[in-house]
Amino acid sequence: MRPTHTPYGLSRRSLLAGTAGIVAGIGLSACTADDLIGNRTRVRYWNLFGGGDGARMTQMTDAFIESRPDIDFRATTLAWGAPYYTKLAMSAAGGRAPELAILHLSRLGGYAPGRLLDPFPLDMLAELGITQDRFLPDIWNRCTVDGELYAIPLDTHPFVLYYNVDICREIGLLDSNDQLIPLSGTDELIEAFVEARRVTGNLGVSLSTGDVSPWRLWWTLYRQLDGELFDESGTELILDEERGLEALEFMRRLSIEEEVAPRGADYQAAVANFSNGQAAFLFNGGWEVTTFQTQQVPFSMTTFPNVFGNTNRTQGDCHCFVLPHQRNRDWDNTRAALEYVAYMLQNSVDWAAGGHVPSYLPVVESPEYLNLTPQSHYRHAAENVQLDPDVWFSGSASDMESQASGAFGAVHAGTNTPQEALDQFRGALQRLLDTPSPV
Amino acid sequence: MAVHTAVRQTSAAAPSDTTRTQPLLSRLGGLWFVLPFVIVYALFMVWPVLTGLWSSFFNTSLAGGDSEFLGLDNYLEMVRDDAVWTSLWHTILFTLLSTPPLVLLGLVMALLAHRARRLGWFLRFAYFAPFVLPVTVVTLIWIWLYQPGFGLINDALTRIGLSEVAWLTDERVAMIAIVLTTTWWTVGFNFLLYLAALQAIPRELYEAASVDGSSSFQQLWHITLPMLRRTTGLIIVLQLIASLKVFDQVYLMTGGGPNFSTRPIIQYIYETGFTSYRIGFASAISYMLFALIVVVSIAQFKLFPAREESAS
């Protein structure tokens, strides 16, 4: 107790000043540590893979990091969906984004290419073997905006049909190679589902009525009917009443009239119903393949059926690599990022094991991939994949998808008639269309 | 209470002496103590509140870009936007449904635990335990409980011959399911407040009542409940404010669905601001909610006015 004579105010002040100094010191030292590491080529990489594909992505990335000690590579996985896209947009708006990030191709239009995203340097890509002829033309075109390339597709993940091999064999739906005989037309499908329900005693086909699954199913059906949502310019709503209703009538038939699909099931329940044999079929994206393999479900997969007898179109999306906008881009870092992209593309057969169809054609044509079953059974779906329409409010986990899923999920539940659902969705779309784009 | 008021009087008289005699420097000394908090408060509370008000007059976007001054357009759009009013109604509905059970159950549980002799510690522990769980754990547990087909609740319902309920996927029951979960999760806090208040009621009142031959029901009605009035007022205020900001459990359990039937106003603000990047519009809606909460709080102060009233 030295300073009994010192006025309290002063000692308090010096205490506070000291504390402030320490806090500032910590802040400064954190900055310098960051800058020092910056001497090495640095790649920060953001992605949104949290599930089974996340583990696979980490494995592949670790292998790359081990082979390239000269690069300071830091991968960050953020929460999937809206939280991810919000953070990425904000970092790019501030010009201090990571070197590399993952983006759903359906989101590209709403991501202000040129302002939030920087174009890829084509010459650098060509040196690394990333050229236009090694991708499907439709997908590559969608990656290009105003003549500049803004995205490099890693995979396509279509909406597919899973089927339980044991149950399908029992009801005579398998051919001599134990493959599902192609089902087409609404009646044939419903008949198969009714038969399947007789065996399972519960459901014919499992599907989710929550998250964005109703959008995926409806968009698949609507696109099989050649339906469009917006005109070429993306400013006018041209939602087709008749086709939209026909798609919804089929969804209603599944859940309400024939009762072969659930009225209400969230995503986990939809997956669980298939894996524990409560349903013989499942409508979902290909990414649950690892789940069912781990659980040793006797299953296989194929392209989404041709429901209305004219096309195999199916909803889907592509995971792409993008360069979020950086105010002071360092080309050495960018080159290192592109080397990682090239590595991931060339090794995308490992990625494909998780259920995504590789975008890099040399891999798609490789025997390694073709021997990968059931993943390679639906590789042709990539050619028929239907992305969301190209407007600012669409794309993976977007407002449009949640509006559609709310309205259409209620058709499964029986609380919306197809007409009510379509009217609700039309109203929501018109409101979004009337809102000036915030990007 | 007499002691309390005495202290107040002396402390009220004291400062005028000390301020005159103490030097300016040490009087400002107190400021240094609150400064760190004031800075944090100003930076992370006052400043965002002001910028929020500012941006509610612009079409500010989270994705950067230039913003234009819109005047009151955001507020006019808000008035016309059905989603604002339906989601506000969901918040109010949640408040109306959740407040009565949270208050009444808390009281009943406190009366039981207060009475129980040997099991008292166990009841106190059991009633309060859910409250310490984080919302993510609570919702995870309840999502599985509510699961159709294999969830505990539906399994029990089918075992006793009733039909399954699609708790979280049926528009008609989803909100009730969320209220049930919330009640289980947070009633422990109200229980604790009531229990503390019960223990503060002087024993003599009950003794005197017993001597006069009153039944235990009469004691409950004429002694316990009136003595708990202030606590009840406090609990209702806290409950209303907590319910008006409901978001986490709804977001985690139903995501606002099915078909937006449980989406509370905060989730709509979040979606507008963070999914659609429309921070300007989202700010306008938050200010409406802010105004509403202020009105509710003022009404509460008017209804349960002076703090000392019941004691004097």
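Criteria and thresholds
- Residues numbered from 1 in each chain as written.
- Chains lettered and ligands numbered in written order.
- Predicted model: local features only at pLDDT ≥ 70, side-chain atom pairs only at ≥ 80, totals over all residues.
- Heavy atoms only, no water.
- Helix = DSSP H or I, 4+ residues; strand = E, 2+ residues; numbered from the N terminus.
- Areas by Shrake-Rupley, 256 points an atom, 1.4 Å probe, with all protein chains shown as cover.
- Domains from an automatic or database assignment.
- Contact = heavy atoms within 4.5 Å.
- Buried area = accessible area lost by both parts, 1.4 Å probe.
- Salt bridge = Lys/Arg side-chain N within 4 Å of Asp/Glu carboxyl O.
- Polar contact = N/O pair within 3.5 Å; in protein donor to acceptor, adjacent residues only side chain to side chain.
- Nonpolar A, V, L, I, M, F, W, Y, C, P; charged D, E, K, R; others polar.
- Core = buried A, V, L, I, M, F, W, Y, C linked by side-chain atoms within 4.5 Å.
- Buried < 20%, exposed > 50% of the residue type's maximum accessible area, 1.4 Å probe, protein only.
- Expected span 1.5 Å × (residues − 1).
- pLDDT = per-residue confidence, 0-100.

Caption draft 1: Region of the structure containing the overall build of chain B. Counting its regular elements, chain B contains 14 helices and 0 strands. In chain B, the succession of α and β elements from N to C terminus is α-α-α-α-α-α-α-α-α-α-α-α-α-α. Of the accessible surface of chain B, which amounts to about 18200 Å², a share of 71% is contributed by carbon and sulfur atoms.

Caption draft 2: Here's a closer look at the domain arrangement of chain B. Domain boundaries in chain B define domain 1 (11-45) and domain 2 (81-303). Here domain 1 of chain B and domain 2 of chain B have C-alpha centroids that lie 39 Å from each other.

Caption draft 3: Expanded view of the interface of chain B and chain A. The interface is formed by 27 residues belonging to chain B together with 40 residues belonging to chain A. Note on chain B versus chain A: buried area summed over both sides is about 2700 Å², and carbon and sulfur give 62% of it. Between the two partners, chain B and chain A, sit 0 salt bridges. The interface formed by chain B and chain A contains 7 residue pairs in polar contact (both at pLDDT 80 or more). If you list the elements that add at least two residues to the side of chain B that touches chain A, you get helix H2 (24-55), helix H6 (135-146) and helix H13 (265-275) of chain B. Residue contributions to the side of chain B that touches chain A peak at 6 residues, all from H2(B). For the side of chain B that touches chain A, the per-class residue count stands at 14 nonpolar, 10 polar and 3 charged.

Caption draft 4: A look at the nonpolar core. All names here are of chain A. In this structure, Tyr45, Tyr84, Leu105, Tyr111, Ile152, Phe321 and Tyr340 are the most contacted members of the largest nonpolar core, which totals 82 residues. Ranked by the residues each element gives to this core, the list is headed by helix H12 (residues 331-346), at 8 residues. Among the domains, domain 1 (40-156 + 318-370) and domain 2 (158-315 + 385-434) are the pair contributing at least three residues each to this core. Those residues in contact with Tyr84 that sit more than four places away from it in its chain are Trp46, Asn47, Leu48, Leu78, Ala79, Ala101 and Ile102. Judged by nonpolar contacts, the second largest core, of 58 residues, contains Leu237, Met251, Phe304 and Met400.

Caption draft 5: How the structure looks around helix H4 (residues 82-115) of chain B. Between its first and last C-alpha, H4(B) extends 50 Å over 34 residues, near the 50 Å set by a 1.5 Å rise per residue. Capping the start of H4(B), Asp81(B) holds a side-chain oxygen 3.0 Å from the backbone nitrogen of Ala83(B), two or three residues further along.

Caption draft 6: A look at the confidence of the model for chain A. Averaged over every residue, the pLDDT of chain A is 90; residues scoring 70 or more account for 91%. Segment residues 1-10 of chain A is flagged for pLDDT under 50; beyond a separation of four residues in sequence, or across chains, it makes 1 contact in the model.

Caption draft 7: Inspection of unusual backbone geometry at higher detail. In this chain, Thr373(A) is followed by Pro374(A) through a cis amide linkage whose omega measures 0 degrees. Summarising the element assignment, Pro374(A) is placed in the loop between helix H15 (367-370) and strand E15 (385-386). Gly257(B) connects to Pro258(B) through a cis peptide bond whose omega is -10 degrees. Here Pro258(B) is to be found in the loop between helix H12 (248-253) and H13. In this model, Tyr277(B) sits at a positive phi of 65 degrees, which is unusual for a non-glycine residue. Within the secondary structure, Tyr277(B) is located in the loop between H13 and helix H14 (279-303).

Caption draft 8: How the structure looks around the environment of Gly52(A). Residue and element names in this part refer to chain A. By the secondary structure assignment, Gly52 is in helix H2 (residues 52-67). Residue classification places Gly52 among the partly exposed positions, given a relative accessible area of 48%. Between the alpha carbons of Gly52 and Val289 there is a distance of 9.2 Å; along the sequence they are 237 residues apart.

Caption draft 9: The arrangement of the domain arrangement of chain A in detail. Residues and elements named next belong to chain A. Partitioning chain A into domains gives domain 1 (40-156 + 318-370) and domain 2 (158-315 + 385-434). A straight line from the C-alpha centre of domain 1 to that of domain 2 covers 29 Å. Listed by partner, the interface residues are 19 residues for domain 1 and 17 residues for domain 2. At the boundary of domain 1 with domain 2, total buried surface from both sides reaches about 1300 Å², with 58% on carbon and sulfur atoms. Ranking the residues of domain 1 by area buried against domain 2 places Ser106, Arg107 and Arg142 at the top, with a combined share of 33%. Linking domain 1 to domain 2 there are 0 salt bridges. Between domain 1 and domain 2 we count 6 residue pairs in polar contact (both at pLDDT 80 or more) in total.

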